[in-house]
Structure formats: C-alpha cells, structure tokens
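Structural description and commentary
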Amino acid sequence: MDLSFTPAEEAFRADCRAWLEANVPRPPLPSGDTREGFTAHLAWERKLFDVRYAVVSWPREYGGRDASLWEWLIFEEEYYRAGAPQRVTQNGIFLLAPTIFTFGTDEQKRRILPKMAAGEQTWCQGWSEPNAGSDLAGIQSKAVRDDAQGGWRLSGQKTWTTRGAFCTHLFGLFRSDPGAERHRGLTYFLVDLTTPGVTVRGVERLDGDEGFAEVFLDDVFVADTDVLGEPNQGWSVAMATTGSERGLTLRSPGRFLATAQRLIDLARDRGGEDARRDAIVAAYIDAEAYRWQTFWTVTRLVEGASTGPESSMVKVFWSELDVQLHELALELLGPHAELLDGPDAAWMKGYEFALAGPIYAGTNEIQRNVIAERVLGLPRA
Ligand SMILES: Cc1cc2nc3c(=O)[nH]c(=O)nc-3n(C[C@H](O)[C@H](O)[C@H](O)COP(=O)(O)OP(=O)(O)OC[C@H]3O[C@@H](n4cnc5c(N)ncnc54)[C@H](O)[C@@H]3O)c2cc1C
C-alpha cells in the first residue's frame with residue numbers, strides 16, 4: 001500500500017497553495033449568510049471559476065479541471081489551510097451537482113452545471129417542511145401533472161432552506177403520487193425561484209444572519225425537463241444527494257484539519273494548554289483520523305463503490321468533532337470568547353454554527369438509527 005501522494009499531486013498542491021496565498025481575501029469577507037456577504041462571496045467564487053479552481057474535479061466542459069478526487073481533497077486541504085471563504089455555492093456544487101452527474105440528462109448537465117460552477121445560478125436545498133424534517137418521507141408539498149403544458153404544478157411550503165433568501169434556484173422533493181407508498185410517490189424537481197407563484201421569505205437566525213428562508217409555492221409550473229431522475233423515483237435520487245452530503249463532499253477533512261491547527265496555534269499563543277493538552281491532542285488526532293477515513297472512502301469511490309449507509313457514521317463523526325474543536329477553543333479563550341469583534345470572534349461564530357452540525361444533513365439521532373439498522377443490521381427501532 002502506497003500512502004504518499006505522487007509528484008504530480010504534490011505539484012498540484014504547491015500550485016494551489018501559491019495561488020490561494022496570493023488571492024484569498026484579507027481581511028476575511030463578511031458572513032456569506034448576509035446579503036452583503038453573499039454578494040462578496042459570489043465575486044470570490046467567480047475569481048475561483050476564472051482559474052478553474054471553483055470545481056476542480058468536474059470535467060473541463062463544465063468549468064472544472066478534470067482533476068481526480070484525490071486532487072479535489074488536496075485542493076480542499078489547501079483551501080481551508082489558507083483560511084479561504086466559505087463556499088456559498090456549496091449546496092449546488094457539493095450536493096446537487098454529484099446527483100446531476102449520476103441522474104441528470106445530458107441536456108440538464110449542459111444547461112445547469114457551467115452556470116452553477118460560475119456562481120451564476122445559485123442553488124438551495126428544498127427538502128424540509130414544517131411537518132417533514134427527520135421524517136423526510138412525510139413531505140406534503142405536492143406536484144400535480146400538467147399534460148397540456150408538458151410539466152408539473154408545484155404547491156406547498158419548504159422551510160430552513162440555507163441561503164434560500166439569496167439563491168436563484170431550488171432543488172426539492174415533492175409528492176407526485178399521493179396514492180403510492182410514502183417513499184415511492186416523490187419526485188425530485190429543479191425550480192427557478194423567479195417562476196410565478198414562488199414566494200421566498202427570509203428567516204433571521206439568532207446570530208443575526210438572514211440567509212435562511214421559507215419558500216412558498218402556489219401552482220408553480222415546472223417543465224418535464226426540470227425533473228431530475230424519473231417521476232416518482234425522487235427518494236432514491238435524494239438518497240444519492242444525502243450520501244454526498246453526509247459522507248464526503250459537504251465537509252471535507254481539510255476544514256477540520258485547519259480548525260485543529262488553529263486550535264493548537266491558539267493554545268500556544270494564549271497558554272493554558274497544559275490543562276487541556278490531552279483533549280487538544282485527541283481532537284487533533286480525530287481530525288487526522290477523519291482525513292484517513294476519507295482516503296478510504298475515496299479509494300472505494302474510485303474503485304466504483306458508492307458511499308452507502310456508512311456515510312451516516314462519517315456525518316456523526318465530523319459534526320461532533322466540529323463541536324469538540326470549538327468548545328476547546330472557547331475554554332482556552334475564557335471570557336474573551338464572548339467578544340463580538342477582534343481576532344477571536346470567529347471562534348464563537350464557528351461554535352454557534354458547529355452546534356447546528358448535529359441537526360442539519362439529517363440529525364445525529366437519525367444517523368444513529370441508520371447505523372444501527374443498515375450498518376449493524378440491528379432490528380428497527
Ligand atoms: C443550520 C441548518 C441548515 C439547514 N439547511 C437546510 C436546507 O438547506 N434545506 C432543508 O431542506 N433543510 C435544512 N435544514 C433542516 C434540517 O434538515 C432539519 O432541521 C432536520 O432534518 C431535523 O428536522 P426538524 O427540524 O423538523 O426536527 P424534527 O424532525 O422535528 O426532530 C426533532 C428532534 O427529534 C429527534 N427525532 C425525530 N425523529 C426521531 C427518530 N425516529 N428517532 C430518534 N430521534 C428522532 C430529532 O433527532 C430531533 O432531535 C437545516 C437545519 C439547520 C439547523
């Protein structure tokens with residue numbers, strides 16, 4: 001087994017590092033979950049796109065570099081190491097795009113992927129509803145066939161759509177066959193949020209950011225060409241999205257390696273590390289362990305396997321690690337952790353967001369049910 005990167009991969013790493021060091025915005029951009037910050041982030045993402053760093057692993061025809069998944073991991077490590085901005089396009093490029101590559105028609109790929117890569121179309125995820133979160137198959141928003149127009153009419157309400165207040169498009173699940181078994185009667189739609197009948201209402205978060213939205217649909221027409229996968233097969237298409245989200249693309253190891261390194265720097269800088277030395281070392285080892293676990297995942301993907309229910313274990317691991325890393329930082333900072341401005345403020349903001357990790361992408365309780373039933377083969381709860 002050869003655990004080292006090739007000279008070509010190391011050269012790619014050096015190129016990424018040099019470009020990012022020269023170009024990452026300083027001071028950091030305002031939060032991408034505010035309107036002002038979202039616009040600034042899109043300008044940054046356009047800069048990435050122009051040098052083909054926006055979607056390195058995609059084919060060149062869609063704006064990528066045809067890079068391998070290994071090179072994508074390297075890019076991500078360098079991206080976070082450089083302290084580069086969060087990707088406000090992430091729900092499109094990391095969740096929807098892998099699903100389009102698997103289930104999309106050639107026409108959908110050509111029409112959607114280049115604009116997504118360039119940040120010209122921004123996508124939010126429209127799955128959750130007021131009465132369908134953990135119980136995703138309980139979705140009530142409906143899709144009614146419109147044969148005359150060659151499409152569907154969507155009605156209902158979506159909630160907790162991240163950055164939905166600023167995005168141009170939504171991918172979502174709708175009940176297209178009310179008579180079918182719950183998981184079978186769903187269809188995966190791609191919706192332009194400027195279509196008549198769509199109302200987007202922003203929801204302010206506790207931290208003041210305003211990117212969350214509720215999306216209301218009232219008899220919204222969507223053409224057949226904007227169905228992803230087959231009608232009434234939306235559940236299996238959606239499960240492919242969750243595999244990416246939980247198991248690989250949404251939270252790559254580079255994010256946690258960089259946070260662990262910042263934690264060590266903080267401990268060295270502020271002192272107080274003696275009392276927390278074991279916990280800091282354990283958190284660093286966990287970040288490294290996640291890196292090696294991801295290498296295993298990528299090895300399997302490169303060999304043609306899919307992420308599978310093991311992605312639930314990965315999701316529990318990275319979300320709890322994120323909380324652990326930030327809690328340790330707050331302990332080191334003591335009362336300074338409460339300061340809203342200055343160099344330390346990012347830790348509290350990061351902590352608040354880390355607390356959401358065990359909730360979004362499917363709660364950790366639900367992931368533990370999946371692990372029990374589908375990985376360990378235990379009886380259903
Ligand atoms: C930061 C953030 C971003 C999000 N972004 C999006 C987005 O972009 N698009 C989108 O569609 N949704 C998004 N969500 C919504 C998220 O997917 C849901 O909050 C999540 O699935 C839980 O659903 P719920 O809030 O309805 O809670 P509920 O499903 O009501 O669950 C409440 C509690 O009960 C527990 N529970 C429920 N059922 C079981 C069970 N069978 N066994 C054990 N415990 C159970 C849950 O774990 C949870 O602790 C986001 C959420 C957050 C926090």
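Rules used in this analysis
Residues numbered from 1 in each chain as written. Predicted model: local features only at pLDDT ≥ 70, side-chain atom pairs only at ≥ 80, totals over all residues. Heavy atoms only, no water. Helix = DSSP H or I, 4+ residues; strand = E, 2+ residues; numbered from the N terminus. Rg over C-alpha atoms; globule rule 2.2 N^0.38 Å. Buried < 20%, exposed > 50% of the residue type's maximum accessible area, 1.4 Å probe, protein only. Contact = heavy atoms within 4.5 Å. Areas by Shrake-Rupley, 256 points an atom, 1.4 Å probe, with all protein chains shown as cover. Lys, Arg positive; Asp, Glu negative; His and termini not counted. Charge placed at Lys NZ, Arg CZ, Asp CG, Glu CD. Salt bridge = Lys/Arg side-chain N within 4 Å of Asp/Glu carboxyl O. Expected span 1.5 Å × (residues − 1). Bend = angle between axes of the 7 residues up to and from the residue. Domains from an automatic or database assignment. Buried area = accessible area lost by both parts, 1.4 Å probe. Polar contact = N/O pair within 3.5 Å; in protein donor to acceptor, adjacent residues only side chain to side chain. Pairing = 2+ DSSP bridges. Axes fitted to C-alpha atoms, helices over the stretch in contact; angles between N-to-C directions. Parallel < 35°, antiparallel > 145°, perpendicular 65-115°, else oblique. Left-handed = near helix turned anticlockwise from the far one by under 90°. Nonpolar A, V, L, I, M, F, W, Y, C, P; charged D, E, K, R; others polar. Near = heavy atom within 4 Å. Patch = residues over 30% accessible without salt bridge, like charges linked within 9 Å, V, L, I, M, F, W, Y side chains within 5 Å.

1. With respect to the overall build of the protein
When helices and strands are counted, the protein shows 11 helices and eight strands. Compactness check: the protein gives a C-alpha radius of gyration of 21 Å against a globular reference of 21 Å for 381 residues, within 12% of the reference. Its C-alpha atoms give the protein principal-axis dimensions of roughly 70 × 45 × 45 Å. Buried positions account for 50% of the 381 residues belonging to the protein. Counting only contacts in the protein whose residues sit at least 6 apart along the sequence, the fraction spanning at least 24 positions is 72%. For the protein, the accessible surface area stands at approximately 17,700 Å², while carbon and sulfur atoms represent 53% of it. For the protein, the separation between the mean place of its 40 positive charges and that of its 55 negative charges on side chains is 2 Å.

2. Here's the deal with the pattern of salt bridges
Overall, the coordinates contain 30 salt bridges when judged by the stated rule. Ionic pairing is found between arginine 13 and glutamate 77, a salt bridge with its closest N-O pair at 3.2 Å. Of this pair, arginine 13 sits in helix H1 (residues 7-23) while glutamate 77 sits in helix H3 (residues 69-81), and the two are 64 residues apart along the sequence. Taking relative accessible area as the criterion, glutamate 77 reaches 11% and is therefore assigned buried. Where arginine 163 meets aspartate 33, a salt bridge forms, and the shortest distance between an N and an O atom there is 3.1 Å. You can see arginine 163 sitting in the loop between strand S3 (151-161) and strand S4 (169-175) and its partner aspartate 33 sitting in the loop between H1 and helix H2 (35-50), a full 130 residues away along the chain. Note on arginine 163: relative accessible area 4%, which makes it buried. Among the charged side chains, a salt-bridge network with shared partners connects Glu10, Arg13, Arg17, Glu77, Glu78 and Arg291.

3. What to know about helix H4 (residues 90-103)
The end-to-end C-alpha separation of H4 is 19 Å, in line with the 20 Å expected for 14 residues at 1.5 Å each. At leucine 96, H4 is bent by approximately 40°, the largest bend along its length, and proline proline 98 sits one to four residues beyond. Among the 14 residues that make up H4, 10 are buried, leaving the element largely enclosed by the rest of the structure. Taken together, the buried positions of H4 are occupied by Gln90, Asn91, Gly92, Ile93, Phe94, Leu95, Leu96, Ala97, Thr99 and Ile100.

4. Details of the domain arrangement of the protein
As far as domains go, the protein holds domain 1 (7-88), domain 2 (123-235) and domain 3 (247-375). The straight-line distance from the C-alpha centre of domain 1 to that of domain 2 is 29 Å. The interface is formed by nine residues belonging to domain 1 together with eight residues belonging to domain 2. Counting the surface lost from both domain 1 and domain 2, the interface buries some 750 Å², and carbon and sulfur atoms represent 46% of this. Its largest share of buried area at the contact with domain 2, domain 1 owes to Asp33, Arg35 and Phe38, together 71% of the area lost on that side. Taken together, the links from domain 1 to domain 2 amount to two salt bridges. Viewed at the interface, domain 2 and domain 1 are joined by seven residue pairs in polar contact (both at pLDDT 80 or more).

5. Considering the pairing of S3
Two strands pair when backbone bridges link them, and strand S2 (residues 142-146) and S3 are joined in this way by five bridges, in the antiparallel orientation. Across the sheet, residue valine 144 finds its bridge partner in S3, namely arginine 153.

6. Section: the packing of H4 against helix H5 (residues 106-117)
It is the contact of H4 with H5, at a shortest axis distance of 11 Å, that shows an interaxial angle of 160°. Classified by the interaxial angle, the pair formed by H4 and H5 is roughly antiparallel. For the pair H4 and H5, the crossing hand works out as left-handed. Facing Gly92, Ile93, Leu96, Ala97, Ile100 and Phe101 of H4, the residues of H5 in contact are Lys109, Ile112, Leu113 and Met116. Split by residue class, the contact of H4 with H5 holds eight nonpolar, one polar and one charged.

7. A look at the site of the ligand
As a structural note, the neighbourhood of the ligand is formed by 17 residues, with Ser128, Ser134, Trp160, Thr162 and Thr363 the closest of them. A distance of 2.6 Å separates an oxygen atom of the ligand from a polar side-chain atom of serine 134. The fraction of the free accessible surface of the ligand (980 Å²) that becomes covered by protein chains is 63%. Broken down by secondary-structure element, the contributors of at least two residues to the shell around the ligand are S3 and helix H11 (364-375). The residue makeup of the shell around the ligand, split by class, is seven nonpolar, nine polar and one charged. Each of domain 2 (123-235) and domain 3 (247-375) accounts for three or more of the residues forming the shell around the ligand.

8. Quick word on a nonpolar patch on the surface
A surface patch of nonpolar side chains, amounting to about 340 Å² of accessible area, comprises Met313, Val375, Leu376 and Leu378. Within the element layout of this structure, valine 375 appears in helix H11. Here valine 375 falls in the partly exposed class, since its relative accessible area comes to 30%.

9. A short note on the pairing of strand S7 (residues 212-223)
With eight bridges joining them, S3 and S7 adopt antiparallel strand pairing. Residue glutamine 157 lies in a different strand from S7, and its bridge partner there is phenylalanine 216. By the bridge criterion, six bridges tie strand S6 (residues 198-203) to S7 in an arrangement that is antiparallel. Bridging across to S7, threonine 199 finds its partner in phenylalanine 216.

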